[in-house]
Amino acid sequence: MMTQNQLQEVIAQAVRSVPVVDAHTHLFTPAFPGLLLRGIDDLLTYHYLVAETLRYHPEKTEEFWRLSVQKQADLVWQTLFIERSPVSEACRGVLTVLRAYGLDLGCRDLTAYRRFFAGLDPEAQVDIVFKEANLKYVVMTNDPFEPVEKVYWQQGVGVDPRFRAALRLDPLLNRWPETAGSLEAEGYEVQADLSGQTSAEVRRFLTDWAKRMNPLYLAVSLPPDFIYPDPAPRGRLLKEVILPFCQEHGKPLALMIGVKKLVNPSLRLAGDSVGKALINTVESLCVENPEVKFFLTMLARENQHELVVAARKFGNLMPFGCWWFLNNPSLIREITRMRLELLGLSFVPQHSDARVLDQLIYKWSHSKQLIIEVLTEAYTALAETGWKLSAAGIKQDVERLFFRNFEEFMGIE
Ligand code: HDL
Ligand code: ZN
């Protein structure tokens, strides 16, 4: 029987050493020039930190957007790191990254940090970060309507296998009929009122892009008031095109529910907020589409318990991640405990949502530390029943959480 100390060490070692599949990021392979964000200025101008900075300077918002990225980073650094202690999760993350690169936090010298990052080759930096965060691969967010990115796919640019694709559908499902125009311009015979050959043509669009990207899953973020069934275009496109496509191609559908877009438009990417969504919608989708796999995350803390209960009812529902405003220690602990208690090991505890390459280092080290804490509580309670635990068994459990559950749900052998 392991002592408590031995048990804690076995769990910590298993989690720290387990390779990670990062189920959702906004990163890009360096093969897509200009799209991969990396280095100290991109870290400091992460939209989480922009929002935190502009709380102190709301009057500077419009001026802020006219600044260069470097000048924006200067203001963030001065406001959040020099004039105040960087206690927020996003601030602490920057410091975790600098420390992982061996940089001196004592000097607080942004110029010195810039000099260090300027010397990093993108491919080498990918190798360093993936090794430090022990990543098998990350899943990108790939939008076929994004003018710069789509050209790289149409040109057939080779993609590093450590960067897997996800076909993102927000413009299609959330901005119809505006998007109908983009599809028509690409040669797809669609009608704004979804008449005629629209369903068949949207399906052809998906087929064309699935061939180019070979996505692991299709994905869309949705507002709190998302309903299904729904006679409006989103509901019809889901019913007539997306769900049949996912079923036919065996591709899971990732639903990310609860985003209130641009509650403060002046903050741009930092202007989105959160709203409690309708779990009935999730239940309807799962019960009416038993052959479709729903990879699902919700943004409101208030939706987390009912999502876990819904997952107990549907094997085709896989909850994942502590998304965005939930990706903080207090909520990661709460949500992961809840999932372990009600779902055992049948969930995907975390994704990074990283937008900047180096963030992978902090997002995974912070989350792994918290998951170690929660797993230690759970295994300690289990050991107290007299159940015999082994290092091999714990290692297998941890592998399920950090990559095997995801790969099995995605149908990856
Ligand atoms: O829709 C999404 O994928 C969200 O993650 C947004 O990109 C959001 O801006 C974000 O970066 N959250 O972490
Ligand atoms: Zn995201």
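What you see as residue numbers is a count from 1 along each chain, following the sequence as written. Starting at A for chains and at 1 for ligands, labels are handed out in the order in which the entities are written. Note on the predicted model: pLDDT of at least 70 is required for a residue's local features to be given, and 80 or more for side-chain atom pairs to be given and counted; whole-chain, interface and lining totals, by contrast, use all residues. With hydrogens and water excluded, all non-hydrogen atoms of the structure serve as input to the side-chain values.

Visitor: So what exactly am I meant to see when it comes to the pairing of strand β5 (residues 218–222) here?
Guide: Each regular strand carries side chains that alternate between the two faces of the sheet. Here's how the labels work: a residue is buried when its accessible area is under 20% of the maximum for its type, exposed when over 50%, partly exposed in between, all with a 1.4 Å probe on protein chains only. Put simply, DSSP H or I for four residues or longer makes a helix, DSSP E for two residues or longer makes a strand, and each gets a number counted from the N terminus. Among the 5 residues in β5, 5 count as buried, and that is most of the element. Side chains Leu218, Val220 and Leu222 project from β5 onto one buried face, and the interleaved Ala219 and Ser221 project onto a second face that is buried too. Between any two strands, at least two bridges found by DSSP are needed for them to pair. Where strand β4 (residues 167–168) lies against β5, 2 bridges are found, and the strand directions are parallel. Looking at the pairing, Arg168 lines up with Ala219 of β5. Pairing between β5 and strand β6 (residues 253–257): 5 bridges, direction parallel. Within β6, the position partnered with Ser221 by the bridge is Met256. Note on handedness: a clockwise path from strand one over the helix to strand two, with the strands aimed away from the viewer, defines a right-handed crossover. Between β5 and its parallel partner β6, the chain crosses via helix α13 (residues 233–249), and the hand of that crossover is right-handed.

Visitor: Hey, could you run me through the packing of aromatic side chains in this one?
Guide: What describes a pair of aromatic rings is the distance from one ring centre to the other and the angle between the planes of the rings. Aromatic rings from Phe, Tyr and Trp, with only the six-membered ring used for Trp, were paired whenever their centres fell within 6.5 Å, and each pair was classed as stacked if the ring planes differed by under 30 degrees, edge-to-face if by over 60, and tilted otherwise. In this structure the tally under the stated criterion is 19 aromatic pairs. When the centroid spacing of 5.1 Å and the interplanar angle of 85° are considered together, the rings of Tyr101 and Phe117 count as edge-to-face. Taken as a pair, Tyr101 in the loop between α6 (89–100) and α7 (110–118) and Phe117 in helix α7 lie far apart in primary sequence, 16 residues in all. You can call Tyr101 buried: its relative accessible area is 13%. Geometrically, the ring pair formed by Phe116 and Phe117 is edge-to-face, given 5.1 Å between the ring centres and 80° between the ring planes. You can call Phe117 buried: its relative accessible area is 7%.

Functional significance is not addressed by these values, which are geometric in nature.
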